[in-house]
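# Secondary and tertiary structure notes
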Amino acid sequence: MAPRIFIADDQEMILKALRTLLERNSRFEVCGTAENGSEAVVKAQEVHPDLVILDLAMPIMNGLEAALEISKIQPDTPILLYTMTDARQVRMEAAKAGIREVIGKSAAPQLLLAAIERALKKETPAAVPTASESELPLAVTAAETGTTTPAEHPDFLNNPPRAS
């Protein structure tokens, strides 16, 4: 049986993209979604996922607050934070909230999938580079795999993603 993953993000486009990425990969099943942190806590408790992916900046309750609540209710469920914010303080607060790993939304999809695999196997999270450290490796990965990172998309400069 495929591991069941729950996703919470207030941006519908990101939510759909994550769902598509995970469902296209037959190793995973998306068991539910939420558009805010409060909804994520309630729904995660109902569906008992094997892993939770949370956005940081969501209405009603942010990802850190939601992670804290989910960790209290389901302490063995690994949680990943998927965010545009790549600040050392966020990473420190994420660890305090029970989040196993912080993944940047600008990272190649393979990095998110690898983080999911590590979390499900209860492996130690990899050292995740900061945005400045990761620019070159992500560009190389994108070129090698034929994927486009958000920063390489033609509309990125005209319509950059909002920090979340």
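Note: the structure precedes this text.
Only a predicted model underlies this, so the values are computations on that prediction, with no experimental measurement involved.

## Examining the overall build of the chain
When you go through the chain residue by residue, the secondary structure sums to six helices and five strands. Going from the N terminus to the C terminus, the chain shows its helices and strands as β-α-β-α-β-α-β-α-β-α-α. The buried share of the chain, reckoned over its 164 residues, is 40%. In the chain, of all internal contacts separated by at least 6 residues, the share reaching a separation of at least 24 is 67%. Accessible area of the chain: about 8800 Å², with a carbon and sulfur share of 55%.

## Some words on helix α2 (residues 37-47)
Within α2, burial applies to Gly 37, Ala 40, Val 41 and Ala 44. Take α2 and look down its axis: the buried residues cluster within an arc of 100 degrees, on one side only. Buried positions along α2 lie against β1 (4-8), β2 (29-34), β3 (51-54) and α3 (63-73). The opening residue of α2 is Asn 36, an N-cap whose side-chain oxygen sits 3.0 Å from the backbone nitrogen of Ser 38. Trailing α2 by a residue or two, His 48 shows a phi angle of about 50 degrees, which is positive.

## With respect to the sheet that holds strand β4 (residues 79-83)
Within the open sheet, the five strands sit side by side as β2-β1-β3-β4-β5. Their pairing is parallel. The open sheet is flanked by β2 and β5 (101-104), the only strands paired with a single partner. The mean inter-strand angle of the sheet, taken between neighbouring strand axes irrespective of direction, is 25 degrees. Sheet strands in contact with α2 are β1, β2 and β3, and its direction is about 165 degrees off that of β1.

## Notes on the pairing of β1
Among the five residues in β1, four count as buried, and that is most of the element. By the bridge criterion, five bridges tie β1 to β2 in an arrangement that is parallel. Paired with Arg 4 across the two strands is Glu 29, which belongs to β2. Note: β1 against β3, four bridges, orientation parallel. What sits directly across from Ala 8, in β3, is Leu 54.

## Quick look at the packing of helix α1 (residues 12-24) against helix α5 (residues 109-120)
The geometry of α1 relative to α5 is characterised by a closest axis approach of 12 Å and an angle of 65 degrees between their N-to-C directions. Between α1 and α5, the angle falls in the class roughly perpendicular. Here the hand of the crossing between α1 and α5 comes out right-handed. Contacts between α1 and α5 involve Leu 18, Leu 21 and Leu 22 from the former and Pro 109, Leu 112, Leu 113 and Ile 116 from the latter. Its residues assigned to classes, the contact of α1 with α5 comprises seven nonpolar, no polar and no charged.

About the criteria used
Residues numbered from 1 in each chain as written. Predicted model: local features only at pLDDT ≥ 70, side-chain atom pairs only at ≥ 80, totals over all residues. Heavy atoms only, no water. Helix = DSSP H or I, 4+ residues; strand = E, 2+ residues; numbered from the N terminus. Buried < 20%, exposed > 50% of the residue type's maximum accessible area, 1.4 Å probe, protein only. Contact = heavy atoms within 4.5 Å. Areas by Shrake-Rupley, 256 points an atom, 1.4 Å probe, with all protein chains shown as cover. Arc of directions from axis to C-beta. Polar contact = N/O pair within 3.5 Å; in protein donor to acceptor, adjacent residues only side chain to side chain. Pairing = 2+ DSSP bridges. Axes fitted to C-alpha atoms, helices over the stretch in contact; angles between N-to-C directions. Parallel < 35°, antiparallel > 145°, perpendicular 65-115°, else oblique. Left-handed = near helix turned anticlockwise from the far one by under 90°. Nonpolar A, V, L, I, M, F, W, Y, C, P; charged D, E, K, R; others polar.

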